[in-house]
Amino acid sequence: MEKIVIIGGVASGTKVAAKSRRLKPDAQIDIYTDDTHVSYSACGLPFFIEGNFDDEGMLIARTVEEFEAENIHIHLLNRVTKILPEKKQILVLDREKNQEFSVDYDKLVIATGARPAIPPIKNINLKNVFTLRNMEDGIAIKEMVLQSKKAVIVGGGYIGIELLEAFVKQGLEVKLIEFAPRIMGIFDDDISDIIKSHILEYNGDKVEIINSDSVVEFLGGDSFTGVKTKNGLEFDADFVIVATGVKPNVELAVDAGIELGPTGAIKVNNKMQTNIADIYAAGDCIEKIMMVSKTPVWVPLGSTAIKEGRCAAINLCGGDDKFEGILGSAVTRYFGFTMSITGLTEKQALKLGYEPVSVIVTKFDKVGYMPNAKNITIKLVADRKTRNLLGAQGIGCGDVDKRVNTVATGLIQPMTVDDFFSSDITYAPPYSPSIDPLLTAAENLIKKLNEIVL
Ligand SMILES: Cc1cc2nc3c(=O)[nH]c(=O)nc-3n(C[C@H](O)[C@H](O)[C@H](O)COP(=O)(O)OP(=O)(O)OC[C@H]3O[C@@H](n4cnc5c(N)ncnc54)[C@H](O)[C@@H]3O)c2cc1C
């Protein structure tokens, strides 16, 4: 019987297992995961903490028993300590029984994901210092929130902002410290500035955002009581979240001789194969190709982890599937304010050698006489030479993400902004103005490109 072994059981690992089962009803499929839970929505954790629902079980897509019913065996708290490609074996430590054993494989999938990247902060190991990555973290943070009044968040990326919303909603006062000059640095500076202004306009009484400063020390004896920053600020809080980014879990792969790409994540081809025969990798542990620039990037997202898992499963089961890359398309929110992005930002495009030209348009998302019409701001970026669209960013309290998603479809193949302007997108007063803000942005961009050429 063919043995398919998967390391890691969240988004990509479980997708590999489920798809492989459908394709190979007779294979033996085992997932080894160094985690207390399997098949959960890490993306839902901030919303669980916020109090949208109290049963953490709702975050679990498929239970261990449901996997077992499909003859997929889940081994929780089982850490894979070594891959031995020449023997087609892995070594596993059962952390509950403290026993080490070996497992043979015919096909192996590395889906080890990512983990928080922790900056050098003194007293990082104090009680009530948290990171948010897995179910245990989410449950512990929620318990803490319910007995707290003040929190500090270190890091103003999307996890920091989602937690900011959660904590404010739970009635906490929050200080957010970001070492960069701007929060939400995946966006261009002009867009990040609007995001910060919106958050402070909306919740300035509860929220303070400190940029261009970094936390150097956590204060307290056994338990955290406050933070000290490089610029000499000191303030107290009940707990702190360190949300300063993530890094890929690649040590196991490196030890086995698996090649990494320039981003430091595992290099795979478009079939999710590593450089070692019969070893595949998928999800946050792998490097991806940015479809616009065809350059390697590391953008760890659940949306793509699942697609990569599917692709790995089809290929390891003997099929022929290709995963051509990503656009880094992402969306999040701060209360009713949506932030969405796809493709290259202007600053990324510049670094990659394009000659980016951009426009920003702010307009109602629906016809102005509709009662729930709200402003949205769209930034479109194109290349001066080719006139190809490079990316879009959209923010605002109206329907932003559908506009950004439209651009995402247009970015799969090179498309000039002139062609994009011909997009026959829908119109009715409750859904958009007669000329959609996205098309207004495209029209303005065409004008700007024409002016530059002349
Ligand atoms: C708070 C939060 C919010 C998010 N929100 C979004 C969102 O809105 N949209 C989006 O697209 N993405 C979001 N993400 C990202 C998304 O959750 C990840 O991209 C996704 O979980 C990646 O799946 P994965 O299977 O590759 O890896 P992971 O989810 O990291 O899972 C890897 C698993 O492998 C296990 N493992 C690691 N090493 C070993 C080993 N040696 N032996 C055994 N097991 C091992 C780990 O314990 C872990 O359980 C969010 C993430 C977080 C933390």
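Predicted model only: the values in this text are computed from it and were never measured.

Engineer: Explain the environment of Ile 110 to me, please; I cannot follow it from the model alone.
Structural biologist: Tracing the sequence through the fold places Ile 110 in strand 7 (residues 107-110). Relative accessible area serves as the criterion here: at 1%, Ile 110 is assigned to the buried category. As a C-alpha pair, Ile 110 and Glu 451 span 341 residues in sequence and 50 Å in three-dimensional space. Residues within four places of Ile 110 in sequence aside, it is in contact with Ile 7, Ile 83, Ala 253, Ile 258, Ile 266, Ile 279, Tyr 280, Ala 281, Ala 282 and Cys 285.

Engineer: So what exactly am I meant to see when it comes to helix 8 (residues 302-316) here?
Structural biologist: Note: α-helices contain 3.6 residues per turn, so residues at a spacing of three or four share the same orientation. In this model, helix 8 (15 residues) spans 21 Å end to end at C-alpha, consistent with the 21 Å of a helix rising 1.5 Å per residue. The set of residues buried in helix 8 consists of Thr 304, Ala 305, Glu 308, Gly 309, Cys 311, Ala 312, Ala 313, Ile 314, Asn 315 and Leu 316. Immediately beyond the C-terminal end of helix 8, within one or two residues, lies Gly 318, with a positive phi of roughly 100 degrees.

Engineer: Quick question: what am I supposed to make of the pattern of salt bridges here?
Structural biologist: Once their charged atoms are close, side chains differing in charge can pair, the charge on each being opposite to the other. One pass over the structure, following the stated rule, counts 34 salt bridges. In this structure, Glu 2 and Lys 24 form a salt bridge, with 2.6 Å as the shortest nitrogen-oxygen distance. On the criterion of sequence distance, the pair formed by Glu 2 in the segment before strand 1 (3-7) and Lys 24 in the loop between helix 1 (11-23) and strand 2 (28-32) is long-range, its members being 22 residues apart. On the basis of relative accessibility, which here comes to 22%, the residue Glu 2 falls in the partly exposed class.

Engineer: Before we go on, may I ask you to explain the site of the ligand in this structure?
Structural biologist: As a matter of local geometry, the ligand sits amid 32 residues, with Ser 12, Asp 35, Arg 133, Asp 284 and Gly 302 nearest to it. In the model, an oxygen atom of the ligand is placed 2.6 Å from a nitrogen or oxygen of the Asp 35 side chain. In the model, an oxygen atom of the ligand is placed 3.3 Å from a nitrogen or oxygen of the Ala 114 main chain. Relative to its free-state accessible area of 1,000 Å², the ligand is covered by the protein chains to the extent of 89%. Breaking the shell around the ligand down by element, the ones donating at least two residues are helix 1, strand 4 (78-84), helix 5 (158-169) and helix 8. Along the lines of polarity and charge, the residues of the shell around the ligand split into 17 nonpolar, ten polar and five charged.

Engineer: In this structure, what is going on with the sheet that holds strand 9 (residues 129-130)? I would like to understand it.
Structural biologist: Note on sheets: strands pair through backbone hydrogen bonds, and any given pair is parallel or antiparallel. With respect to topology, five strands assemble into an open sheet ordered 9-16-10-11-12, the strand pairing being parallel. At either end of the open sheet lies a strand with only one pairing partner, and these are strand 9 and strand 12 (207-211). Here two bridges tie strand 9 to strand 16 (residues 239-242), and the two strands are oriented parallel to one another. When the bridges of strand 16 are listed, Phe 130 appears paired with Ile 241. Seen against the sheet, helix 5 touches strand 10 (150-154), strand 11 (173-178), strand 12 and strand 16 and runs at an angle of roughly 170 degrees to strand 11.

Rules and cut-offs
- Residues numbered from 1 in each chain as written.
- Predicted model: local features only at pLDDT ≥ 70, side-chain atom pairs only at ≥ 80, totals over all residues.
- Heavy atoms only, no water.
- Helix = DSSP H or I, 4+ residues; strand = E, 2+ residues; numbered from the N terminus.
- Buried < 20%, exposed > 50% of the residue type's maximum accessible area, 1.4 Å probe, protein only.
- Contact = heavy atoms within 4.5 Å.
- Expected span 1.5 Å × (residues − 1).
- Salt bridge = Lys/Arg side-chain N within 4 Å of Asp/Glu carboxyl O.
- Near = heavy atom within 4 Å.
- Polar contact = N/O pair within 3.5 Å; in protein donor to acceptor, adjacent residues only side chain to side chain.
- Areas by Shrake-Rupley, 256 points an atom, 1.4 Å probe, with all protein chains shown as cover.
- Nonpolar A, V, L, I, M, F, W, Y, C, P; charged D, E, K, R; others polar.
- Pairing = 2+ DSSP bridges.
- Axes fitted to C-alpha atoms, helices over the stretch in contact; angles between N-to-C directions.

In short, the description is geometric, and any link to function would need to be established separately.
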